[in-house]
Amino acid sequence: MPLYEHVFIARQDLSNAQAEGLVEHFGTVLSDNGGKVVESEYWGVKTMAYKINKNRKGHYAFLKSDAPAPAVQEMERLMRLHEDVMRVLTIKVDEHEEGPSVQMQKKDDRDDRRRERR
């Protein structure tokens with residue numbers, strides 16, 4: 001099955017538990033349609049570069065999935081209909097990177113990775 005990475009932004013007035021509940025909810029949507037969530041991360045409340053729906057901040061969440069295209073389309077459809085989700089981004093990847101995402105790494109670890117790539 002194809003591999004995908006999803007990032008979504010939820011409204012800032014949700015509690016942390018509600019935002020993490022959204023991650024679980026959309027993970028079950030994927031699993032109900034034949035896919036699976038490989039890894040999920042809750043990045044917390046972050047300030048956005050510009051206002052979206054009169055909000056300056058939002059709860060960011062990240063999902064790595066292994067799912068067929070119809071399952072991803074259904075999850076995206078439900079995300080776009082959900083009143084608490086402001087933005088959604090899904091990309092298809094060749095393989096998932098090991099370990100935590102760049103957002104979850106400490107700044108020192110990111111600098112070390114940058115030196116290794118050169």
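Preceding this paragraph is the structure being described.
Sequence positions are assigned chain by chain, starting from 1 and proceeding in written order. Predicted model: local features are reported for residues with pLDDT of at least 70 only, side-chain atom pairs are reported and counted for 80 or more only, and whole-chain, interface and lining totals are derived from all residues. Note that water and hydrogens are dropped before the side-chain values are worked out from all heavy atoms of the structure.

1. With respect to the packing of aromatic side chains
Put simply, two rings from Phe, Tyr or Trp (the six-membered ring, in Trp's case) pair if the centres are within 6.5 Å, and we call them stacked under 30 degrees between planes, edge-to-face over 60, tilted for the rest. For the coordinates displayed, the defined rule picks out two aromatic pairs. For the ring pair F8 and F26, a centre distance of 5.7 Å and an interplane angle of 80° mean the geometry is edge-to-face. Highlighted residues: F8 in strand β1 (residues 3–11) and F26 in helix α1 (residues 16–32), separated in sequence by 18 residues. Buried, partly exposed and exposed residues are distinguished by accessible area as a fraction of the type maximum, computed with a 1.4 Å probe on protein chains only: under 20%, between the cut-offs, and over 50%, respectively. Judged by relative accessible area, F26 falls into the buried class, the value being 0%. Going along the chain from the N terminus, every DSSP run of H or I of four or more residues is numbered as a helix, and every run of E of two or more is numbered as a strand.

2. Description of the nonpolar core
If you look at the biggest cluster of nonpolar residues, it comprises 18 residues, and the most contacted ones within it are F8, L22, F26, L30, M75, M79 and V85. At five residues, α1 tops the list of elements feeding residues into this core. Here L30 is in contact with H6, G35, V37, S65, A67, A71, V72 and M75, once residues within four sequence places are set aside. Counting residues in each nonpolar core, the second largest holds seven residues, with I9, W43, I52 and Y60 among its members. Grouping buried Ala, Val, Leu, Ile, Met, Phe, Trp, Tyr and Cys residues that are joined through side-chain atoms within 4.5 Å yields what is termed a nonpolar core. Only heavy atoms matter for contacts: two residues are in contact if any of them lie within 4.5 Å across the pair.

3. Remarks on the side chain of D84
Residue placement: D84 occurs in the loop between α2 (69–81) and β4 (85–93). Residue D84 is classed as buried on the basis of its relative accessible area, which comes to 13%.

4. What about the environment of V29?
Note on placement: V29 falls in helix α1. Owing to a relative accessible area of 8%, V29 belongs among the buried residues under this scheme. Between the alpha carbons of V29 and M75 there is a distance of 6.1 Å; along the sequence they are 46 residues apart. Residue contacts for V29: discarding those within four places in its chain leaves E74, M75 and L78.

5. Points about α1
Expected span of a helix: the number of residues minus one, times 1.5 Å. The first and last C-alpha atoms of α1 sit 24 Å apart over 17 residues, in line with the 24 Å expected at 1.5 Å per residue. Regarding α1, the residues found buried are A19, L22, V23, F26, G27, V29 and L30. The buried residues of α1 occupy one face: seen down the axis, they fall within an arc of 155°. Projecting away from the buried face of α1 at angles above 90 degrees are the exposed residues A17, E24 and D32. If you follow the buried residues of α1, they end up packed against β1, β2 (36–52), β3 (55–66), α2 and β4. At the exit of α1 stands G34, carrying a positive phi of roughly 95°. Of all possible arcs, the one meant is that of the directions from the helix axis to the C-beta atoms.

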